[in-house]
Amino acid sequence: NLKSGIILDVAGGRGDLSFELTSKFSLRCVIIDPRPQKFRRWQLKMIKKHPELSPPRHIQDLFDQNFFEKDEVDLADVRLVIGMHPDEATEPLVTNALRNKINFAVIPCCVFSQMFPQRRLRDGSEPVSYEAFCDYLMEKSAFIDSCMLPFLGRNRAIFTKLL
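Our subject in this report is the structure included herewith. Keep in mind that what you see is a predicted model, and the values were worked out from it rather than measured.

Rules used in this analysis
Residues numbered from 1 in each chain as written. Predicted model: local features only at pLDDT ≥ 70, side-chain atom pairs only at ≥ 80, totals over all residues. Heavy atoms only, no water. Helix = DSSP H or I, 4+ residues; strand = E, 2+ residues; numbered from the N terminus. Contact = heavy atoms within 4.5 Å. Polar contact = N/O pair within 3.5 Å; in protein donor to acceptor, adjacent residues only side chain to side chain. Buried < 20%, exposed > 50% of the residue type's maximum accessible area, 1.4 Å probe, protein only. Pairing = 2+ DSSP bridges. Phe/Tyr/Trp six-rings, centres within 6.5 Å; stacked < 30°, edge-to-face > 60°. Lys NZ or Arg CZ within 6 Å of the ring centre and 35° of its normal. Salt bridge = Lys/Arg side-chain N within 4 Å of Asp/Glu carboxyl O.

1. Digging into the side chain of Ser 113
Checked against the element boundaries, Ser 113 lands in the loop between strand 5 (104–107) and helix 5 (130–138). If sequence neighbours within four positions are ignored, Ser 113 has contacts with Glu 126, Pro 127 and Val 128.

2. Observations regarding the environment of Ala 11
Topologically, Ala 11 is positioned in the loop between strand 1 (6–10) and helix 1 (16–25). Separated by 79 residues in sequence, Ala 11 and Thr 90 have C-alpha atoms that sit 8.6 Å apart. Leave out the neighbours within four places in its chain, and Ala 11 touches Ile 32, Asp 33, Pro 86 and Ala 89.

3. Quick notes on the side chain of Asn 155
The topology assignment puts Asn 155 in the loop between strand 6 (144–148) and strand 7 (156–160). Within the local environment of Asn 155, its side chain forms a polar contact with the backbone oxygen of Leu 149, the two atoms lying 2.8 Å apart. What Asn 155 contacts, discounting residues up to four positions off in sequence, is Ile 107, Tyr 130, Cys 147, Met 148 and Leu 149.

4. Describing the pairing of strand 7
Counting buried positions over the 5 residues of strand 7 gives 4, a clear majority of the element. Alignment of strand 5 against strand 7, held across 2 bridges, turns out to be antiparallel. Bridging across to strand 7, Ala 105 finds its partner in Phe 159. Two strands pair when backbone bridges link them, and strand 6 and strand 7 are joined in this way by 5 bridges, in the antiparallel orientation. Along strand 7, the bridge assignment pairs Met 148 with Arg 156.

5. Here's the deal with the packing of aromatic side chains
For the structure on display, the rule yields 6 aromatic pairs. With a centroid separation of 5.3 Å and an interplanar angle of 80°, the aromatic rings of Phe 67 and Phe 68 are classed as edge-to-face. Under the relative-accessibility criterion, Phe 67 is labelled buried at 0%. Taking the relative accessible area as the measure of exposure, Phe 68 reaches 10% and is therefore buried. Considering the side-chain rings of Phe 133 and Tyr 136, the 6.4 Å spacing of their centres and the 20° angle between planes classify their relative orientation as stacked. Within this pair, Phe 133 and its partner Tyr 136 are both found in helix 5, separated by 3 residues, close to a single helical turn. When its relative accessible area of 11% is taken as the criterion, Tyr 136 is described as buried. In this structure, Arg 154 is placed above the aromatic ring of Tyr 130, and the distance from its NZ or CZ to the ring centre is 4.0 Å.

6. A closer look at the pattern of salt bridges
As enumerated under the stated definition, the model contains 9 salt bridges in all. Arg 35 is paired through a salt bridge with Asp 33; the nearest N and O atoms lie 2.9 Å apart. Each of Asp 61, Asp 64 and Lys 70 takes part in salt bridges that share partners, so that together they form one network.

By themselves these figures say nothing about function.
Put into structure tokens, the structure is as follows:
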């Protein structure tokens, strides 16, 4: 299913995750990040060594509710939305994926509770800790699940499998 469409890598930064998915698994990825694309040295070497390799497309923008209209990305082509520690883009990633009925997988990192004081858990409390923030995201839909991944640091993956 992933090979039949595109994967959106929200707040993908330099595109390490997308680059790996593209070069190792031949998946089509689109990095969405407000910063300009800047390849790492190892990525440039790989592109030079493998000219047939097509690096991920980069859209310099935010993944907000108007993204699909303004950036001319066909919603029907999107198979998955991913975010590896996407900072402030975590909640928009989850919200927009759910709104558009697209599967997503995100590994949250920072909570940014002072930037988003309107967030509330179902019990009325403010999600100020990492654990509470993950619970807040999971409360957005009954279709959301989570698991712990086998690496150090923030490693709780929150995801859906809508189809």
